[in-house]
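A look at the structure
Read off the chains here:
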Amino acid sequence: MGVDLIFRIAAIGILVTVLNQLLIRSGREEQAMMTTLAGLIVVLLIIVREIAALFDTVKTIFRLN
Amino acid sequence: MEIIQIIGVGLVSTLIMLILRKQNPEIAVLVGMAAGAFIFLLIAAKLSAVVDQLEEYAARADIRPMYFTSVLKITGIAYIAEFGAEICRDAGEEAIASKIEMAGKVIIIAMAIPIITSLLDLVLKIMP
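Keep in mind that this is a model prediction, so the values were computed, not measured. Every residue gets a number counted from 1 within its own chain, in the order that chain's sequence is written. All chains are assigned letters beginning at A, and all ligands numbers beginning at 1, according to the order in which they are written. Under the rules for a predicted model, residues below a pLDDT of 70 receive no local features and side-chain atom pairs below 80 are neither given nor counted, while totals for whole chains, interfaces and linings still include all residues. Think of the side-chain values as coming from all heavy atoms in the structure, minus any hydrogens and water.

Here the focus is the overall build of chain B. Secondary structure is summarised from DSSP: a helix means a run of H or I of at least four residues, a strand means a run of E of at least two, and numbering begins at the N terminus for each. The number of helices and strands found in chain B is four helices and zero strands. Along its sequence from the N terminus, chain B presents helices and strands in the succession α-α-α-α. Computation of the radius of gyration draws on C-alpha atoms, with the globule rule given as 2.2 Å multiplied by the number of residues to the power 0.38. What you see for chain B is a C-alpha radius of gyration of 20 Å, clearly larger than the 14 Å of a compact globule of 128 residues, by over 25%. Structurally, chain B occupies a C-alpha span of about 70 × 40 × 15 Å along its principal axes. In chain B, 51% of the contacts between residues at least 6 apart in sequence involve partners at least 24 apart. Note on contacts: a residue pair is in contact if any heavy atoms of the two residues lie within 4.5 Å.

Check the secondary structure of chain A and you find two helices and zero strands. By its C-alpha atoms, chain A is 55 × 20 × 10 Å across when sized along the principal axes. When the accessible surface of chain A is totalled, it reaches about 3,800 Å², and 72% of it is carbon and sulfur. Positive charges are assigned to Lys and Arg, negative charges to Asp and Glu, while His and the chain termini are left out of the count. By convention, the point assigned to a charge is CZ for Arg, NZ for Lys, CD for Glu and CG for Asp. Seen as two clouds, the 6 positive and the 5 negative side-chain charges of chain A have centres 5 Å apart. Here the accessible surface of atoms and residues is derived via Shrake-Rupley with a 1.4 Å probe, and residues count as covered only by protein chains that are part of the display.

On to the packing of helix H2 (residues 29-61) of chain A against helix H3 (residues 65-90) of chain B. To get an axis, a line is fitted to the C-alpha atoms, and for a helix only the part in contact is used. The angle between two axes follows their N-to-C directions and goes from 0 to 180 degrees. Following both chains from N to C, one finds H2(A) and H3(B) inclined at 160°, their axes separated by 9 Å at the closest point. In terms of their interaxial angle, H2(A) and H3(B) are classed as roughly antiparallel. Read as a crossing pair, H2(A) and H3(B) show a hand that is right-handed. For the pair H2(A) and H3(B), the contacting residues are Leu54(A), Phe55(A), Val58(A) and Ile61(A) in the first and Leu72(B), Tyr79(B), Ile80(B) and Phe83(B) in the second. Considering only residue class, the contact of H2(A) with H3(B) consists of eight nonpolar, no polar and no charged. In these notes the angle categories are as follows: under 35 degrees is roughly parallel, over 145 is roughly antiparallel, 65 to 115 is roughly perpendicular, and the rest is oblique. The crossing is said to be left-handed when, going from far helix to near helix, the turn is anticlockwise and less than a right angle, and right-handed when the turn is clockwise. Put simply, Ala, Val, Leu, Ile, Met, Phe, Trp, Tyr, Cys and Pro go in the nonpolar bin, Asp, Glu, Lys and Arg in the charged bin, and everything else, Gly too, in the polar bin.

A separate point is the nonpolar core. The term nonpolar core refers to a set of buried residues drawn from Ala, Val, Leu, Ile, Met, Phe, Trp, Tyr and Cys, joined through side-chain atoms within 4.5 Å. Partly exposed describes any residue whose relative accessible area lies between the buried limit of under 20% and the exposed limit of over 50%, with all areas from a 1.4 Å probe on protein chains only and scaled to the type maximum. Membership of the largest hydrophobic core comes to 36 residues, with the highest contact counts inside it found for Ile9(A), Val43(A), Ile47(A), Ile27(B), Val31(B) and Phe40(B). Elements supplying a minimum of two residues to this core: helix H1 (3-25) and H2 of chain A together with helix H1 (2-23), helix H2 (25-60) and H3 of chain B. Tallying contributions element by element places H2(B) first for this core, with 13 residues. Once you skip the residues sitting within four places of it in the chain, Ile47(A) turns out to touch Ile9(A), Leu30(B), Val31(B) and Ala34(B).

Its place among the elements puts Thr36(A) in helix H2. Whenever a nitrogen or oxygen atom comes within 3.5 Å of another N or O atom, the pair is scored as a polar contact, on the condition that within protein one atom can donate a hydrogen and the other can accept it, and that pairs from neighbouring residues in sequence are kept only if both atoms are in side chains. Side-chain polar atoms of Thr36(A) contact the side chain of Asn20(A), separated by 3.0 Å. Sequence-distant contacts of Thr36(A), defined by excluding residues within four places in its chain, comprise Val16(A), Asn20(A) and Glu26(B).

This part covers unusual backbone geometry. Trans peptide bonds make up the majority, and among non-glycine residues the majority have a negative phi. A positive phi angle is found at Arg63(A), which is not glycine, with a value near 55°. Within the fold, Arg63(A) resides in the segment after H2. Of note in the backbone geometry, Asp62(B) takes a positive phi value of approximately 35° without being a glycine. Assignment of secondary structure puts Asp62(B) in the loop between H2 and H3.

Before going further, it helps to examine the side chain of Ser13(B). Inspection of the secondary structure puts Ser13(B) in helix H1. You can call Ser13(B) buried: its relative accessible area is 2%. For Ser13(B), the residues in contact, after removing those within four places along its chain, are Ile6(A), Val31(B) and Ala35(B).

Confidence in the prediction for chain B averages 92 pLDDT; 100% of positions are at 70 or higher. Reported confidence for the predicted complex is 0.87 by ipTM and 0.87 by pTM. One confidence number per residue, pLDDT, is output by the predictor and ranges from 0 to 100.

With that settled, consider H1(A). Counted at 1.5 Å a residue, the expected span for H1(A) with its 23 residues is 33 Å, and the 33 Å between its end C-alpha atoms agrees. Looking at H1(A), one finds that the buried residues are Leu5(A), Ile6(A), Ile9(A), Ala10(A), Ile12(A), Gly13(A), Val16(A), Thr17(A), Asn20(A) and Leu23(A). In this structure, the buried side of H1(A) is in contact with H2 of chain A together with H1 and H2 of chain B. The positive-phi residue at the C-terminal boundary of H1(A) is Gly27(A), with phi of around 85°. To estimate the expected span of a helix, count its residues, drop one, and scale the result by 1.5 Å.

And the structure:
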């Protein structure tokens, strides 16, 4: 929860980008696509908790529930 | 001083989004979402303190609680609809952003109808 979350996502993003380029250069485009998707899913899993926390906070603050 | 932390987080995530935007824009959008959520969570405590204080003022001025809570709900819906619409606009999806905003407006109007009806009743009562 916090700034390290954003840095973790950035690290995964950069890692996926590098892996993507590596795999494309070595001629394996499908695996490059796979790694991009995998990185995206990992980041999504991390972010889903944050967005859920945001929505719960908004619900409690604005009495929306 | 939360404001310093908020600006720091905002700038850092903007920079990260710029780096990631060229190769894979999906993760850039996700970083934007995470930054937005994190910044709101930073100010949530202060915001709820303000809202509780306003509620206490409304109670003291013996305004019917239904009015204040629906105004609060409308603000909440406006905020969250704007949050979603801006993220879609960031990702370049102008159409989806305007759909979200239109849906937000419809929900807000639907919530405002009880207030409008009670206002009209009041006006009719006052009219000779």
